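Each chain is listed here by its residues.
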Amino acid sequence: MNRTALRKDTSAAATELGYIFTFLLGVLLLTMFSLWAWDIETATRERWNENAIQANMDDLAAAVERADEASRMGSIDYAERVDWRLTEADESQFVLVLSDTNIELIHKTGDLDTNISISGTGAGAHEGTITLAGINSIWVVHYQGVTSIEYDRPQHE
């Protein structure tokens, strides 16, 4: 008769537990890396949006200042096209308002609101409100004593 005795051998179970803990550590590290990479991508996109919006506002303010300078020369009409840099934000949520003292960009959620001061030294008033949905340029126009922002090129005769 063969007799077999049971032995208490735990080395295989310890190896198996080591594999499980190593796998769980790998999952934890990959999850942390994914969250870190996602945060970097989100921060980069937000910074790019803010920089593009500020550059757009600076270009628009410079065009308004040139229109004001032209208006001080006398009875003159002036039009300038300003290219609008695209952003990751939903531009249908943006409204651009030109007043005598500043250009204000209003975002419906308020996250990307900004404004830029202008000198307002033109020979006339400043006015205009446009929604930025689907546009890639804005026209700054001085015509008959009013400096305005418009969607399309002026067709005055």
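Structure report, in brief. (Residues numbered from 1 in each chain as written. Predicted model: local features only at pLDDT ≥ 70, side-chain atom pairs only at ≥ 80, totals over all residues. Heavy atoms only, no water.)

## A look at the pairing of strand β7 (residues 137–143)
Among the seven residues that make up β7, six are buried, leaving the element largely enclosed by the rest of the structure. Direction of pairing for β7 relative to strand β8 (residues 146–150): antiparallel, over a ladder of five bridges. The partner of W139 across the bridge, within β8, is E150. The antiparallel pairing of β7 with β8 creates a hairpin that spans two residues between the two strands, and Q144 there sits at a positive phi of about 50°. (Buried < 20%, exposed > 50% of the residue type's maximum accessible area, 1.4 Å probe, protein only. Helix = DSSP H or I, 4+ residues; strand = E, 2+ residues; numbered from the N terminus. Pairing = 2+ DSSP bridges.)

## Examining the environment of P154
Considering the arrangement of structural elements, one finds P154 in the segment after β8. For the pair formed by P154 and W139, sequence separation is 15 residues and the distance between their alpha carbons is 8.1 Å. Ignoring sequence-local partners within four residues, the contact set of P154 consists of A79, W139 and V141. (Contact = heavy atoms within 4.5 Å.)

## Description of the packing of aromatic side chains
In total, this model carries one aromatic pair according to the counting rule given. With a centroid separation of 5.7 Å and an interplanar angle of 45°, the aromatic rings of F33 and W36 are classed as tilted. You can see F33 and its partner W36 sitting in helix α1 (residues 11–71), three residues apart, about one turn around the helix. The class for F33 is partly exposed, based on a relative accessible area of 49%. (Phe/Tyr/Trp six-rings, centres within 6.5 Å; stacked < 30°, edge-to-face > 60°.)

## Structural notes on the nonpolar core
Judged by nonpolar contacts, the single largest core of 24 residues is most densely connected at L96, I103, L132 and I138. Those elements that place two or more of their residues in this core are α1, β2 (94–98), β3 (102–107) and β7. Element by element, the count of residues in this core is highest for α1, at seven residues. Residues in contact with I138, not counting those within four places in the same chain, are L60, E80, R81, V82, W84, L96, I130, L132, I149 and E150. (Core = buried A, V, L, I, M, F, W, Y, C linked by side-chain atoms within 4.5 Å.)

## A few points about the sheet that holds β2
What the four strands build is an open sheet, ordered β4-β3-β2-β6; its pairing is antiparallel. Strands at the two margins of the open sheet, each flanked by one partner only, are β4 (114–117) and β6 (129–131). Each strand of the sheet is rotated relative to its neighbour by a mean of 10°, with strand direction disregarded. Where β2 lies against β3, five bridges are found, and the strand directions are antiparallel. Bridge assignment links V97 to a residue of β3, and that residue is E104. Of the strands in this sheet, β2, β3 and β4 touch α1, which is tilted by about 30° from β4. (Axes fitted to C-alpha atoms, helices over the stretch in contact; angles between N-to-C directions.)

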